[in-house]
Amino acid sequence: MGSLLVAVLPLALGAAISPTLLALQLLVLTGTTHRLARAWALAAGAALVLAAFSLLCVTALQRIRPHHGDHKSATDAALLLASGALLGFLAIRSLLTRPTVGERHTSKISTRLESASSGWFVGVGAVGMIVNFSTLVLVVPAIHEITHAGVSTTTKAAVFVVMYVIVLLPVLVPVLLVSILGSGADRALDATHAWVTSHARTIGVVIEGVFAAYLIVKGVRALP
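Nothing here was measured: the structure is a model prediction, and the numbers come from that model.

Undergrad: With reference to specific residues and values, describe the overall build of the protein.
TA: In terms of helices and strands, the protein carries 10 helices and 0 strands. Moving toward the C terminus, one meets the helices and strands of the protein in the order α-α-α-α-α-α-α-α-α-α. Every one of the 224 residues in the protein was classed for burial, and the buried ones make up 46%. Counting only contacts in the protein whose residues sit at least 6 apart along the sequence, the fraction spanning at least 24 positions is 85%. On the protein, roughly 10,700 Å² of surface is accessible, and the fraction owed to carbon and sulfur atoms is 70%.

Given below as structure tokens:
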């Protein structure tokens, strides 16, 4: 289990550094109308999409090739190289495109923050995860590591749960803090919201660039 965690954790942590989802959740929690109900609804929407995407990945990756133990595979290398190249493309697009898809989604939510029902925020979280391309791209190789590891099904399931929770930290941590601390978390939320809003594009570009290089190097090393 230890070696599988070592392989999956960097990808999960990279996927968790999501300025789009964090900005959405902070926007909801710094509002004044049913903020906890809306924030939990947003988290649920993101969790549902991540679960569905993970199931799709497991199904697809199991069909691509059978398990070959620790042997190198051209498919392994191709998946890593393709994921790295896609992240590199996303980094370049984030630098050139104004606004990004995530920024447009956040702006749309801000205009409906006061009038929308709490249930509507399930869709907000779902769309937020869908347009959070860098997170989904990093989830693919993470699930690939899990599905083709030479360990028991129980171990795979445990590592998947760890990965799943880590990826959802941007929407879970803020709402948990408010649920526990109430208004005591407001100052930290306001400061974090202002900082994330100002630096979201930079954070996204850095994460996409760093993990593009990481996956490409890993893919080259995986070449048979």
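Undergrad: Lay out the pattern of salt bridges in plain terms, naming residues and giving numbers.
TA: Enumeration according to the criterion identifies 2 salt bridges in this entry. With a closest N to O distance of 2.9 Å, Arg 35 and Asp 186 form a salt bridge. Of this pair, Arg 35 sits in helix α3 (residues 35–64) while Asp 186 sits in helix α10 (residues 186–222), and the two are 151 residues apart along the sequence. Its relative accessible area of 18% is what places Arg 35 among the buried residues.

Undergrad: Break down helix α2 (residues 19–29) for me, citing the residues and quoting the values.
TA: Since the α-helix advances by 3.6 residues per turn, residues separated by three or four positions end up pointing in the same direction. Burial analysis of α2 places 10 of its 11 residues in the buried class, the great majority of the element. Within α2, burial applies to Pro 19, Thr 20, Leu 21, Ala 23, Leu 24, Gln 25, Leu 26, Leu 27, Val 28 and Leu 29.

Undergrad: Tell me about the packing of aromatic side chains, residues and numbers included.
TA: Here the structure, examined in full by the defined rule, presents 3 aromatic pairs. Here the aromatic rings of Trp 120 and Phe 121 are separated by 5.3 Å at their centres, their planes lie at 85 degrees, and the arrangement is edge-to-face.

Undergrad: Report on the packing of helix α1 (residues 2–16) against helix α7 (residues 133–147), specifying residues and quantitative values.
TA: For the pair α1 and α7, interaxial distance at closest approach is 8 Å and the crossing angle is 170 degrees. One finds that α1 runs roughly antiparallel with respect to α7. Counting all contacts with α1, which are made through Leu 4, Ala 7, Val 8, Leu 11, Gly 14 and Ala 15, the residues of α7 involved are Thr 135, Leu 138, Val 139, Pro 141, Ala 142, Glu 145 and Ile 146. Partitioned by chemical class, the residues of the contact of α1 with α7 number 10 nonpolar, 2 polar and 1 charged.

Undergrad: Let's hear about α10: which residues, and what values?
TA: With 37 residues, α10 should cover 54 Å at 1.5 Å per step; its first-to-last C-alpha distance of 47 Å lies more than 12% under that length. The largest bend in α10 is about 65 degrees, located at His 199.

Undergrad: Before we move on, can you summarise the nonpolar core with the specific residues and values?
TA: Core analysis: the biggest nonpolar cluster contains 61 residues, and Leu 87, Met 129, Met 163 and Leu 168 have the highest contact counts within it. When residues of this core are assigned to their parent elements, the largest contribution, 10 residues, is made by α3.

Undergrad: Explain a nonpolar patch on the surface residue by residue, including any values.
TA: On the surface, Leu 36, Trp 40, Val 161, Val 165, Leu 169, Val 173, Leu 176, Leu 177, Ile 180 and Leu 181 cluster together into a nonpolar patch covering about 850 Å² of accessible area. Elements with a minimum of two residues in the nonpolar patch: α3, α8 (153–167) and α9 (169–181). At 6 residues, α9 tops the list of elements feeding residues into the nonpolar patch.

Rules used in this analysis
- Residues numbered from 1 in each chain as written.
- Predicted model: local features only at pLDDT ≥ 70, side-chain atom pairs only at ≥ 80, totals over all residues.
- Heavy atoms only, no water.
- Helix = DSSP H or I, 4+ residues; strand = E, 2+ residues; numbered from the N terminus.
- Buried < 20%, exposed > 50% of the residue type's maximum accessible area, 1.4 Å probe, protein only.
- Contact = heavy atoms within 4.5 Å.
- Areas by Shrake-Rupley, 256 points an atom, 1.4 Å probe, with all protein chains shown as cover.
- Salt bridge = Lys/Arg side-chain N within 4 Å of Asp/Glu carboxyl O.
- Phe/Tyr/Trp six-rings, centres within 6.5 Å; stacked < 30°, edge-to-face > 60°.
- Axes fitted to C-alpha atoms, helices over the stretch in contact; angles between N-to-C directions.
- Parallel < 35°, antiparallel > 145°, perpendicular 65-115°, else oblique.
- Nonpolar A, V, L, I, M, F, W, Y, C, P; charged D, E, K, R; others polar.
- Expected span 1.5 Å × (residues − 1).
- Bend = angle between axes of the 7 residues up to and from the residue.
- Core = buried A, V, L, I, M, F, W, Y, C linked by side-chain atoms within 4.5 Å.
- Patch = residues over 30% accessible without salt bridge, like charges linked within 9 Å, V, L, I, M, F, W, Y side chains within 5 Å.

Scope: geometric values only; no functional claims are made or implied.
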